[in-house]
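Structural features, examined
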Amino acid sequence: MREKIVIANWKMNPSQAKDASSLFSVSNQISKRYKTTVVVCPPQVFISLFPKNRYKKLLLGAQDISTKETGAFTGEIGSSVLKPFGVSYVIVGHSERREMGESREVIAEKIKTALRNKITPVLCIGENKRDGEGHFFHFLKEEILFFSRHISKKDVNKVIIAYEPVWAVGSKSKGVMSSQDIHETIMFLRKILSDKFGNESASKIRILYGGSVDHKNSSEIAKVSGCGGLLLGRASLSKDQLENIVRNLSK
Ligand code: PGA
């Protein structure tokens, strides 16, 4: 069976380079101990501190990527800059970036740029709120169908989907989603993918859960069938939390 995966999204943390280096080293130690793939996504400025030649197992991701590959695009960081440092994953469409105004069209371009450069896009999707009538299912379906139009069948299992209900993400979160609801939603997403790309391709797509995962709830979520791993925010900054979660996913 394929190893489950943890995407550690450090967001805008830590503020000191020395703390980023020690977080790399702690994450590397943890990744070596368990059969779980761990990808750390530091702030872009710390990417160059990642000792890619020394680390055998820990992988490096970026929190964002430019739609452009190189050229006169002030402030942007493209694949030609990221790749030489060993970046092999990139988070796209995170709710915090969408809140800053990133559109679905731009997110789709980022997915295409990443795929062209052999960087695995981790596409975040999730509803802002859960209503009693199930309108959020309609929203999720629309999101998947929109992005599916930009991904070819041969590339679809090179994309990771991180289901992150926006209301469960970050320090203002209303708490983690129940395992039952995570299971139902992942099945729902997989069904839409299967209608679009066929059963075989859809069954290979990794779908992760993210939003308020911690050492206490991760053992239950790790058992959700069809869930290929977890996207962590806050918990990825704590050695103990990260180790617990990575261990739970390795079982
Ligand atoms: P959280 O963040 O784990 O702190 O809720 C998750 C995310 O931002 O992806």
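What you see as residue numbers is a count from 1 along each chain, following the sequence as written. At least 70 in pLDDT is required for a residue's local features to be given in this predicted model, at least 80 for side-chain atom pairs to be given and counted, and no such filter applies to totals for whole chains, interfaces and linings, which use all residues. Hydrogen atoms and water are omitted, and side-chain values are computed over all heavy atoms in the structure.

Notes on the environment of isoleucine 205
With respect to the helices and strands, isoleucine 205 occurs in the loop between helix H7 (199–204) and strand E7 (207–210). Taking the C-alpha atoms as reference, isoleucine 205 lies 25 Å from lysine 129; in sequence the two are 76 residues apart. A contact between two residues is defined here by any heavy atoms of the two lying within 4.5 Å. When neighbours within four sequence positions are excluded, isoleucine 205 is seen to be in contact with Arg2, Val156, Asn157, Val159, Ile161, Arg190 and Leu193. Think of it this way: any DSSP run of H or I at least four residues long counts as a helix, any run of E at least two long counts as a strand, and we number them from the N terminus.

Quick notes on the pairing of strand E5 (residues 120–125)
Judged by how many residues are buried, E5 sits mostly within the fold: five of six residues are covered. The pairing of strand E4 (residues 87–92) with E5 spans four bridges and is classified as parallel. For isoleucine 91, the partnering residue across the bridge sits in E5 and is valine 122. Between any two strands, at least two bridges found by DSSP are needed for them to pair. As judged from the four bridges shared by E5 and strand E6 (residues 160–163), these two strands associate in the parallel manner. Pairing of leucine 123 across the sheet is with isoleucine 161, part of E6. Assessed by its sense of winding, the connection that carries the chain from E5 through helix H5 (residues 135–148) to E6 is right-handed. For every residue, the accessible area (1.4 Å probe, protein chains only) is compared with the maximum for its type, and the residue is labelled buried under 20%, exposed over 50%, or partly exposed between those bounds. Crossover handedness is defined by viewing with both strands directed away from the observer: a clockwise path from the first strand over the helix to the second marks the crossover as right-handed.

Remarks on the sheet that holds strand E3 (residues 59–62)
The eight strands lie next to each other as E1-E2-E3-E4-E5-E6-E7-E8, forming a closed barrel whose pairing is parallel. Across the sheet, the mean angle from the axis of one strand to that of its neighbour is 25 degrees, orientation sign disregarded. In the sheet, strand E1 (residues 4–9) pairs with strand E8 (residues 229–232) via four bridges, with the strands oriented parallel. Bridge pairing links isoleucine 5 to glycine 229 in E8. Lines fitted to the C-alpha atoms define the axes, with helices restricted to the stretch that makes contact. Angles between their N-to-C directions range from 0 to 180 degrees. Its contacts with the sheet put helix H6 (residues 179–197) on E5, E6 and E7, and the angle it makes with E7 is roughly 145 degrees.

Some thoughts on the nonpolar core
In terms of nonpolar packing, the biggest core is built from 65 residues, with Ile111 and Tyr209 touching the most fellow members. The biggest single contributor to this core is H6, with six residues. With sequence-adjacent residues up to four places away left out, isoleucine 111 is seen in contact with Val92, Pro121, Leu123, Phe147, Ile151 and Val159. Each nonpolar core is a collection of buried residues, namely Ala, Val, Leu, Ile, Met, Phe, Trp, Tyr and Cys, held together in the definition by side-chain atoms within 4.5 Å. Counting residues in each nonpolar core, the second largest holds twelve residues, with Ile5, Ile7, Tyr89 and Val122 among its members.

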